[in-house]
Structure formats: structure tokens, C-alpha cells
Number of protein chains: 2
Amino acid sequence: MNLKRIRTIGLVAVTAIALAACGNLKSSSFGSSSSSTTTTTGSKTTTTTGSTDSEFYQGVIKNGRYRTSKSRGVNVSQNDNVMNLKSFETQLLDVSQKVFSTSKYVFQEGQYLSTSTVENWLGRYSKSNKTGLNPQSNGKTGSTTRNPIYLQQLEEQDYMIQSGSKLSLGGVTVGLGLNSVDYYTKVTYGATYETDISTTTLTAEGKKMANTVLQRMRQKSALKNVPIVLALYKQSSNDSLVGGNMIAYAVSKNGSTSFSSSDWKSLNWQSYVFPATSESKNSGANSNDESDFSSFKSHVQNFFPNLSGVTANAHYQNKSLKKLSVNITTKFYSETEIISFTQYLATAAKRYLPSGVPVEITVKGADGTIQSFLARTAKGSSYYTHVFSDQGDD
Amino acid sequence: MNLKRIRTIGLVAVTAIALAACGNLKSSSFGSSSSSTTTTTGSKTTTTTGSTDSEFYQGVIKNGRYRTSKSRGVNVSQNDNVMNLKSFETQLLDVSQKVFSTSKYVFQEGQYLSTSTVENWLGRYSKSNKTGLNPQSNGKTGSTTRNPIYLQQLEEQDYMIQSGSKLSLGGVTVGLGLNSVDYYTKVTYGATYETDISTTTLTAEGKKMANTVLQRMRQKSALKNVPIVLALYKQSSNDSLVGGNMIAYAVSKNGSTSFSSSDWKSLNWQSYVFPATSESKNSGANSNDESDFSSFKSHVQNFFPNLSGVTANAHYQNKSLKKLSVNITTKFYSETEIISFTQYLATAAKRYLPSGVPVEITVKGADGTIQSFLARTAKGSSYYTHVFSDQGDD
């Protein structure tokens, strides 16, 4: 990785900054205003995306373009289950908010780890890949005898500080996505085998890797003294209907190059699918939440003569519900059916679904096209509803 | 059609009614509350869906189920272009609102015209189908010499009046969807040919059919005296990216069985696609709206290094913009890109898109999955934004 080149880009980025009013992303956004202004210095212009919610960071725009990650796209190819990609990134933002306040920091996609760096780090250690964070192959292919791939994805997020017209690096967060199941083949295009990895093992391996990552990042002069957060994420299996969860994080301050065991804070975050199935026992979910959802489901399911599919993803932190995402699929025969169904959902959701947490409900046709959408914020009492009128078939 | 059976159902429907508080559907909904209560009389229960917007009607629920149309599904099979189905139905609601106020009337899917009735009416007149509204075949297959199919779809909507615990029929609207292009084959599974139909011709044919439909409906005792609205809709061609538009409507009061030419009111409603193409000149669209959209598009399109597709459907009434639906498609490499892009859109839309009209913006990934959504009401100044966090691939 060419450090000089990166530093130059970094300097260019801060030549002109626009401060944008804070406003909300996420569902609690409505009613808030957003704005962002642009300052031009010569031909170089850096602005921010504007924010629609104080819950979320503004992003960095340079010369009209979003400042994309230097390792853009690596994690897309690393995830067979898109849920792992989405929840890894959003939860990495959630962890970052514990350290970098949204009111003080601006979000920037990772600029210090390039695609080739990340790809090498995600590989196995070998003679030709001395930076590989995954263990060297031991030549074995048995599911319990081989050395599995622990580290599946890695993401850097930069947090910038606005000061007058300057934007300077205020801290970095790096997430390590660790396999609970490692999928492998014994021959190219051969059958897929699985190595299960216990949470204890993947946590221990993740903490070891975190030290190595921290040490390597501290070698870059721009990262010598800024706070660096390392977060460990447990990937869900490929057949899981929910993504994985962050399990621990640690903050390195004052340029320290390793974490002590007391630096690590555990995170008790869980994701469940409602209704529970025999495979997903949802042991950590609140049974009241589940029965609330069941009431909602049974009322909604019979609204049309043809049955509707109703499921939900529930996210818990410290055993209390933090977010509920409901997915409803049914066959519609007219636009008026979609409108009436959406109205009914707003009434039913208000009556049956748990209050005090953000809820989002998406309604799709049998072909998967979104038909309508409802959402309520944690504090809100009523649902925002929207019927998509101009959605053709995709 | 069995009139006795229909009357019995109608009587059952009004045995128990719940009045629901008025609240908003559509994008202007947020902040409003919705509720609906249920009254049970014996085993028969009729409720309403609840409304989230005074702009929209509540719907009728019976015994926990939506009261679906007696001709449910006919129009789905009649439309090769789904845009025609959606805009036909929503615009039929818009026309109905001119006659039946949303504060006084409750919406009910059509209960007086059955599937077989509608299917027969949509057919050609023949010895075996004496009720066919389309002209008898003249045996010719030339695109200008044959008798085309004028009537492509037909929809009945009922408007109910709540009075105490009773729900009684207050009026009926029937929409006739008329082809601007009739697609036909000369032999089964053969090539598709087209007969173009001028607006003058389809309007004249539609008005003739409207008289026949009115006369037939007045023969049903339940429909003898209620107001009946007939609305004419011009279908767009199958390759059109926008649906058609309502072109005229007439109201029959006091049990009249035909419309005089002065009963007909013309509607100058138009739909356009932005940006204009060589085929769609958008001659009736406001050039300021188009240039506003162009500014928005050029800013948005360059946000990512990879280009985004940005188009819009614009709906006009009497040459003034009534609604703008923007569709954006791009390839995303991370969840943070989606969040930042959505924030940027809220800022860019507020700055560049026309104000004073409802705007909805949907953001989709390259695979067609919805990623985020923004909307602003006609009166609103800021955009409601929502990033879909738990959308797997469909």
C-alpha cells in the first residue's frame, strides 16, 4: 500500500469543507430538516452528504462524488449470506457510536486499507502471503482436523472531525467478521463441507487478530495516535434468515499497540426470526414479544382469502428488543387491495406489535416487488405508511 | 349474475359496523394517528380497515377478512402493462373523490358485478355473448379494417355510508379502460399486430358503452337510485413506462339511465417519463419541472464512480405537476454507501426537485431489490427517509 499516495489524498480531502446542519436517517427521520452547503476552493470541493438524523453520521463527498472505500467491494464477494454483509456494517456503525459521537464526527469510508491489503489479510498465512491473518493450512481436510478460516470479512470505517473548514481524521473503527461456520470444498467445484467454530474459539482467535491489526495500523503515520476501535462480529451461517451480531469491542487510545483483556467489552446482541422454528429456538427472545407478534400475524394472515406470509427479524441488545423488521408477502389482485391492506396493517401493528422500539414493515407481492411500507420510531405512536404507486415489475 | 345472492350478502354486511377514527395513507401520513374499533353482533362482524389519511377512504372488513371484489383478478389478466392496472385503479379513486367525500364514505371493492359478468362485458358482442360491449368481429384482420377491442378493463368501486351501526350503499363508480392501441394476433400464438385507436374514437366508443353500463346497473334494485359515476380511462401502450390516464367522467343522479353530452366532464390528466426521449416528447410537461429534474439527475448520477440510473414518472393535471415518482438504480458495495447515498438524496431532492407536490424516491440495487426510500408531501419541506436494513435478496 502506497502510504505517500494515501497521505496526499488525505490532504486534498481537507482543503475545503462544508458544514451541514444536523437533521436523521433511519425511521425516526420524519419532520427533521436536512441541509448541507458546499465550499469550493479552486477545483477541489469536499462536502458532506447532509444528515437526516442525529442518530447517524454525515458522509464525505469529494468533487461531487462519494468518497468510496479503498477496499470497496471486497466484503460483497466475501459473503454468501447478504444478511451478514448488511448487519455487519450497520452494527459496526452502532459500535462506533459508542466511541465517536454523531454530533462531532463525520463518517468516511475506510481510506487506509486498500483492496489488496484487505484481501491479503483475509487470506491464509503462507510463504507468499505473510500478512494473511487466517492460519496456515495444515494440509488436512477433515471438518474437525483442518485449520478453518476464522476471519471472513474485514471493514475499516474512518471518523473525521470538522474544525472550521478542515476535516481531519478523528479515529478509525475496524470490524472483524468471524465465522461460526466455515464452508470449504476439498476439490475445486466439489461438495461443500462445514467446520463449526465455537463462540469461545472464534472470540479468542478474533482477539488475537485484533492485536495484529492494531499493531499494523499503528505503523501508518496517520494512524499513530488516533483512537482505533476493533470490533468482533460473529457471522451467521449461510442458511440463516438473520445476519450475525457484534460480540465484543475494544478501544485503543494514546497510540497503544495492543489490547489487554480488560480493554474488551462484551456485547450481548442477538437476532431472531419470528415465528420461532424448530431449528431457531429463539431462546434469548422475550416470549411477550413473540406472542405479540403471533397475535399480529394471525390477524394479518387472514385479511385476504389467500394466505399472507408473515415473518419478522427481531434484534435484541441485553435481552431487550431493539428493533423489529416485519416482512409480509401476499398476492394482490388490485391496487385498492394494497391500499386497504396497508391501512389495516397500520391499525393492527399499532394494536398488537411491541411499542417503544422501532418497527419497519415491508409488504411485497408474490413476485417480490415491494408494494407498501410502514414504519414507526421507538418514540412514535403512529405508523408512517407509504404505498408505492409507480412500481412496475422489476 | 344472481341478484338475490348479492342482496343477501349486502344485508349481512351491514349488521355490525365499527366506526374508525380518521387519520392518512400516501406520503402525507406521518404524525397522524389511526384507529378502528370492532363491534361483534353474533358471529357476524364488519369493521373498517382504519384510515391513515383523510385523503383516502377506509375499507370494509368482514369477519376479519377484507371484502374483496366480486370480480377480483379480472383486470390483472387484462393488463400486459402493470402500470395500466395501477394507475387505472388509483385514478378511479381520485375521480370518485370528486363525488364521494372521504370523510363521509367508506370504500368497498365492487360487489355488484361478478367475474363472469365483467368477463362477458369485456368480450365482443356475439350470438353466444349478447352482453359483450366490444363490437362484433367483422371477420377482417387488417389493422385498419378490423373492428378493434375498445374496452380492455372494467372496474366497479362501491362507496358506503356509515350511519350509526349501519353501512349502506351510497354510490358506485365504474371505470372503463379504453385501448389507445389494441394488440391482436391473426392466428393463435401468431405474431402480434396493432390497431391504433384515436382519442376521439375511444372517447366516443367509451361514452356509448358508459350509457349501456349505466342502463344495465340501474336494473339492479340496489342500484336503482344511488349516484353512479362512469369514468373513461385511456390505456397507455404496452411498451409505455407510464400508465394511462382518466380522460372524462359523468355522474348519474336520481336514477337516470343515460348520460347527456353535457353530463361529461373532461379531465386533462397526463403522465410523462423524465428525462424525455425522442419517442416521448413530453409536450405537455412543464419545462421548468424537466430542468429541475435534470439538475437533480446530473448531481445524483455522479455520486458514485459507477453511474446511477435516474428516471421519474411525472403526473400532471391541467398542465400542473401533481406528483413526481423518482426511480434510482445503482450498484452498491456496502450498507454504508446506501445510507450515505440516501442522505445525499434528501439534500439534493430538497434543493433541486420541484416543491409543493408530493415526491417519492425509490432506490434499488442492480438486482432490483429496494434499498431505501424517500418521500415528501406536497406541504412538507423535508424528506422522510428510510433505509431498508433487513432486505435479503428476493
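Residues numbered from 1 in each chain as written. Chains lettered and ligands numbered in written order. Predicted model: local features only at pLDDT ≥ 70, side-chain atom pairs only at ≥ 80, totals over all residues. Heavy atoms only, no water.

## Looking at unusual backbone geometry
The residue after Phe274 of chain A, namely Pro275 of chain A, is reached through a cis peptide bond having omega -10 degrees. Tracing the chain through its elements places Pro275 of chain A in the loop between strand 12 (269–274) and helix 6 (287–301). In this model, Asn254 of chain B sits at a positive phi of 55 degrees, which is unusual for a non-glycine residue. Summarising the element assignment, Asn254 of chain B is placed in the loop between strand 10 (245–252) and strand 11 (265–266). Accessibility expressed as a relative area gives 74% for Asn254 of chain B, which makes it exposed. (Helix = DSSP H or I, 4+ residues; strand = E, 2+ residues; numbered from the N terminus. Buried < 20%, exposed > 50% of the residue type's maximum accessible area, 1.4 Å probe, protein only.)

## Section: the pattern of salt bridges
All names here are of chain B. Inspection of the entire model under this criterion finds 8 salt bridges over all chains. Between Asp182 and Arg146 there is a salt bridge whose closest N-O contact spans 2.9 Å. With a gap of 36 residues between them, Asp182 in strand 7 (residues 181–185) and Arg146 in the loop between helix 4 (115–122) and strand 5 (151–163) connect regions that are remote in the sequence. Of the two residues, Asp182 and Arg146, both sit in the buried class. (Salt bridge = Lys/Arg side-chain N within 4 Å of Asp/Glu carboxyl O.)

## Considering the packing of helix 6 (residues 287–301) of chain B against helix 7 (residues 335–352) of chain B
Residue and element names in this part refer to chain B. Two elements in contact, helix 6 and helix 7, have axes separated by 9 Å at closest approach and are oriented at 155 degrees. In terms of axis orientation, helix 6 runs roughly antiparallel to helix 7. Judged by the twist between their axes, the crossing of helix 6 over helix 7 is right-handed. Two secondary-structure elements touch here, helix 6 through Asp292, Ser295, Phe296, His299 and Val300 and helix 7 through Phe341, Tyr344, Leu345, Ala348, Ala349 and Tyr352. In terms of residue class, the contact of helix 6 with helix 7 is made up of 8 nonpolar, 2 polar and 1 charged. (Axes fitted to C-alpha atoms, helices over the stretch in contact; angles between N-to-C directions. Parallel < 35°, antiparallel > 145°, perpendicular 65-115°, else oblique. Left-handed = near helix turned anticlockwise from the far one by under 90°. Contact = heavy atoms within 4.5 Å. Nonpolar A, V, L, I, M, F, W, Y, C, P; charged D, E, K, R; others polar.)

## As for the sheet that holds strand 14 (residues 320–329) of chain A
Strands belonging to one sheet form pairs held by backbone hydrogen bonds; the direction of such a pair is parallel or antiparallel. Residue and element names in this part refer to chain A. The 6 strands are arranged 12-13-14-15-16-17 in an open sheet whose pairing can be described as mixed. The sheet terminates laterally at strand 12 and strand 17 (384–387), the two strands that pair on one side only. On average, each strand axis in the sheet is tilted by 10 degrees relative to the strand beside it, whichever way the strands run. In the sheet, strand 14 pairs with strand 15 (residues 359–364) via 6 bridges, with the strands oriented parallel. Looking across to strand 15, one finds that Thr329 is bridged to Lys364. (Pairing = 2+ DSSP bridges.)

## Focus on the packing of aromatic side chains
The description of two aromatic rings rests on the distance between their centres and on the angle between their planes. The final tally for this structure, using the stated rule, is 46 aromatic pairs over all chains. On the basis of an interplanar angle of 45 degrees and a centroid distance of 5.2 Å, the ring pair of Phe304 of chain B and Phe341 of chain B is categorised as tilted. Taken as a pair, Phe304 of chain B in the loop between helix 6 and strand 13 (309–317) and Phe341 of chain B in helix 7 lie far apart in primary sequence, 37 residues in all. Taken individually, Phe304 of chain B and Phe341 of chain B each receive the classification buried, so the pair is uniform in this respect. An aromatic cluster of at least three residues, connected via ring pairs, comprises Phe56, Tyr57, Phe100, Tyr105, Phe107 and Tyr159 of chain A. Over the face of the ring belonging to Tyr184 of chain A we find Arg146 of chain A, whose NZ or CZ atom lies 3.5 Å from the ring centre. Above the face of the Tyr333 of chain B ring, Lys331 of chain B is positioned so that its terminal group lies 5.0 Å from the ring centre. (Phe/Tyr/Trp six-rings, centres within 6.5 Å; stacked < 30°, edge-to-face > 60°. Lys NZ or Arg CZ within 6 Å of the ring centre and 35° of its normal.)

## With respect to the environment of Asp239 of chain B
All names here are of chain B. Here Asp239 shows up in the loop between strand 9 (228–235) and strand 10. Expressed as a C-alpha distance, the spacing of Asp239 and Asp80, which sit 159 residues apart in the sequence, is 9.2 Å. Polar side-chain contacts of Asp239 include one of 2.6 Å to the side chain of Ser237. (Polar contact = N/O pair within 3.5 Å; in protein donor to acceptor, adjacent residues only side chain to side chain.)

## Observations concerning the sheet that holds strand 17 (residues 384–387) of chain B
Residue and element names in this part refer to chain B. If you walk across this open sheet you meet the 6 strands as 12-13-14-15-16-17, and the pairing is mixed. Edge positions in the open sheet fall to strand 12 (269–274) and strand 17, since each of these has one partner strand only. Neighbour-to-neighbour, the strand axes of this sheet turn through a mean angle of 10 degrees, independent of strand direction. The pairing of strand 16 (residues 370–376) with strand 17 spans 4 bridges and is classified as antiparallel. Residue pairing for strand 17: Ala375 is matched across the bridge by Tyr384.

## Description of the side chain of Gln152 of chain B
Residue and element names in this part refer to chain B. Locating Gln152 in the fold gives a position in strand 5. On the basis of relative accessible area, Gln152 is assigned to the buried category, the value being 17%. In contact with Gln152, other than residues within four places in its own chain, are Gln78, Leu122, Gly177, Asn179 and Gln235.

## Quick word on the pairing of strand 6 (residues 166–178) of chain A
Residue and element names in this part refer to chain A. Along strand 6, 11 of the 13 residues are buried, which leaves the element largely enclosed by surrounding structure. Summarising the sheet, strand 5 (residues 151–163) and strand 6 pair through 12 bridges and their orientation is antiparallel. If you follow Ser163 over to strand 6, its bridge partner there is Lys166. Counting the residues between successive antiparallel strands, the hairpin from strand 5 to strand 6 contains 2 residues, one of them, Gly164, with a positive phi of roughly 60 degrees. Taken together, the 7 bridges between strand 6 and strand 9 (residues 228–234) define a ladder with parallel strand orientation. Pairing of Gly177 across the sheet is with Tyr233, part of strand 9.

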